[in-house]
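# Per-entry structural report
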Amino acid sequence: MPELPEVETVRRGLQPVLEGSIIEHVETRRPDLRYPFPEKFVDRISGRRIASLGRRAKYLTAHLDGGPVLICHLGMSGSFRVEASAGDRTPGEFHHPRSKDTAHDHVVFHVATQDGEKAQVIFNDPRRFGFMLLSEEATWREHPMLAGLGVEPTGNTLDGDLLSDLFRGRTAPLKAALLDQRLIAGLGNIYVCEALWRAGLSPRRAAGTISAKPGGRSARSDRLAQAVRDVIADAIAAGGSSLRDYVQADGSLGYFQHSFSVYDREGQACKRPGCSGIVQRLVQSGRSTFYCPTCQR
DNA sequence: AAGTGAACCTGAAGGC
DNA sequence: TGCCTTCAGGTTCACT
């Protein structure tokens, strides 16, 4: 579910509450999510102060003073919400856009904030594809689950030249290459579809065909790199996309889904000015792809 | 090696 | 109303 923009939105929502907070107690309400919780999970993080919250690709990281790094993946349906502790509640505070599903509250972090308030940060995940890991501050980027991740599509690292190199020689379709977290880390099904539409490239095109000869330039790889960076930046600015069960950390909704050009728009008109195409859906490696066959080549 | 598809799990939505 | 099928933002693993 959550792709990079949604995870970044969650990070920004949790940051004001969690940074500088003390984790007083942790409840794990079942022995596992996608994987069993790490050994002594509760003991290793209880009593620690959260120095900072970070993100790598679709992973959230909580860096604990003098302790481990808590690494969290939201899977398809994971979300966090924050509740003030009983006694601090004000009427109407729980007017969330969606009724609470406490049956899938799997982890509850009881924290004391910097302001001396008590709060609960609750991880909810109906499908349980999410997971939590612990690593060490010095080496967390080399954790087996994160070691192979590719370049972040944020910032200016990903440019046409790099993308050209990453895709050179690959015969897999662009759709699959963009989803490959070992190449670019953080894109998912929605933003890959959207980036390909923005770049005017077919999701079925072999990835290697946008590459320049080594040392040369390719207009297609320039366009695609820019499209990827733009769509991710735009989605973060909009607070991510809210579909089905996804809600931001503060209970509010992101609104990028109203900006979709192709995703979930099968049968509707292409939004590119001057294009009269109709958005098609196809299945690639078991997942839906949405694109305009008229203007995406 | 690279690429494709199944598996993991639950809930929502649509068809009959 | 109820039952059945299909689909969903992700990742790993097994197989060709």
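Structure: see above.
Now for a description of the structure that goes with this document. (Residues numbered from 1 in each chain as written. Chains lettered and ligands numbered in written order. Predicted model: local features only at pLDDT ≥ 70, side-chain atom pairs only at ≥ 80, totals over all residues. Heavy atoms only, no water.)

### Focus: the pairing of strand 10 (residues 287-291)
Cut-off, in case you're wondering: Working definition: with a 1.4 Å probe on protein chains only, accessible area under 20% of the residue-type maximum means buried, over 50% means exposed, and in between means partly exposed. Put simply, DSSP H or I for four residues or longer makes a helix, DSSP E for two residues or longer makes a strand, and each gets a number counted from the N terminus. A pair of strands is treated as paired once DSSP finds two or more bridges between them.
Buried residues dominate strand 10, accounting for 4 of its 5 residues. Two strands pair when backbone bridges link them, and strand 9 (residues 280-284) and strand 10 are joined in this way by 5 bridges, in the antiparallel orientation. Paired with L282 across the strands is T289, a residue of strand 10. Linkage of strand 9 to strand 10, two consecutive antiparallel strands, is achieved through a turn of 2 residues, within which S285 is found at a positive phi near 40 degrees.

### Some details on helix 6 (residues 219-237)
Helical periodicity: at 3.6 residues per turn, an α-helix aligns residues three or four positions apart in one direction. This is how the line gets drawn: A helix's residues, less one, multiplied by 1.5 Å, set its expected span. Whenever a nitrogen or oxygen atom comes within 3.5 Å of another N or O atom, the pair is scored as a polar contact, on the condition that within protein one atom can donate a hydrogen and the other can accept it, and that pairs from neighbouring residues in sequence are kept only if both atoms are in side chains.
Here helix 6 is 19 residues long and its end C-alpha atoms lie 27 Å apart, about the 27 Å a rise of 1.5 Å per residue gives. Those residues of helix 6 that fall on the buried side of the exposure criterion are S221, L224, A225, A227, V228, R229, V231, I232, A235 and I236. The opening residue of helix 6 is S218, an N-cap whose side-chain oxygen sits 3.3 Å from the backbone nitrogen of R220. Residue G239 follows helix 6 closely and has a positive phi angle near 80 degrees.

### So, the pattern of salt bridges
Heads up, the rule is: Any carboxyl oxygen of Asp or Glu that lies within 4 Å of a side-chain nitrogen of Lys or Arg is treated as forming a salt bridge with it.
This model, assessed by the stated rule, comprises 17 salt bridges. Across the pair R12 and E8 runs a salt bridge, and its minimum N-O distance is 2.7 Å. Placement of both R12 and E8 in helix 1 (residues 4-18) is noted, with a separation of 4 residues, approximately one turn of the helix. Taking relative accessible area as the criterion, E8 reaches 6% and is therefore assigned buried. In this structure, R44 engages E136 in a salt bridge whose closest nitrogen and oxygen atoms are separated by 3.1 Å. With R44 in helix 2 (residues 41-45) and E136 in the loop between strand 8 (131-135) and helix 3 (160-167), the pair connects residues that are 92 residues apart, well separated along the chain. Classification of R44 by relative accessible area gives partly exposed; the value is 31%. The exposure class assigned to E136 is partly exposed, which follows from its relative accessible area of 40%. Overlapping salt bridges bring together E8, R11, R12, R55, R56 and E152 as one network.

### With respect to the sheet that holds strand 5 (residues 79-84)
Applicable threshold: Fitted lines through C-alpha atoms serve as axes, helices being fitted only where they are in contact, and the angles separating the N-to-C directions of these axes extend from 0 to 180 degrees.
Spatially, 1-6-7-5 is the arrangement adopted by the 4 strands of the open sheet, whose pairing is antiparallel. Looking at which strands have only one partner, the edges of the open sheet turn out to be strand 1 (22-28) and strand 5. Within this sheet the neighbouring strands show an average axis-to-axis angle of 20 degrees, counted without direction. Bridging between strand 1 and strand 6 (residues 105-112) involves 6 bridges; their strand directions are antiparallel. In the strand pairing of strand 6, V26 is matched with F109.

### A closer look at the environment of W197
Put simply, the rule is: The contact rule is simple, with two residues in contact once any of their heavy atoms fall within 4.5 Å.
By secondary structure assignment, the location of W197 is in helix 5 (residues 189-199). Remark: the alpha-carbon pair of W197 and T294, spanning 97 residues in sequence, is separated by 11 Å. Not counting chain neighbours up to four residues away, the residues in contact with W197 comprise S261, V262, C270, K271, R272, C292, C295 and Q296.

### Looking at the protein's contact with DNA strand B
Definition in use: One heavy atom within 4 Å of a molecule or strand is enough for the residue carrying it to be called near that molecule or strand.
Contacts to DNA strand B come from H104, P126, R127, R128, F129, R170, T171, A172, P173 and S285. Take T171: an N or O atom from its main chain is 2.8 Å from a phosphate oxygen of DNA strand B. Between DNA strand B and the protein, one listed contact pairs a phosphate oxygen with a backbone N or O atom of A172 at 2.9 Å.

### Things to note about the environment of Q120
Tracing the chain through its elements places Q120 in strand 7 (residues 118-124). The exposure class of Q120 is buried, given its relative accessible area of 18%. With 18 residues separating them in the primary sequence, Q120 and A138 have C-alpha atoms 28 Å apart. Residues contacting Q120, with those up to four places away along its chain left out, are R81, V82, E83, S85, V108, F109 and H110.

### Digging into the sheet that holds strand 8
With antiparallel pairing, the 4 strands of this open sheet are ordered in space as 2-3-4-8. Edge positions in the sheet fall to strand 2 (50-56) and strand 8, since each of these pairs with one other strand and no more. Looking at each pair of strands side by side, their axes are set apart by 20 degrees on average, direction ignored. Bridge count for strand 3 (residues 59-64) against strand 4 (residues 69-73) is 5 bridges, and the pairing is antiparallel. For H63, the partnering residue across the bridge sits in strand 4 and is V69. In the packing of helix 1 onto the sheet, the strands contacted are strand 2 and strand 3, and the crossing angle to strand 2 comes to about 175 degrees.

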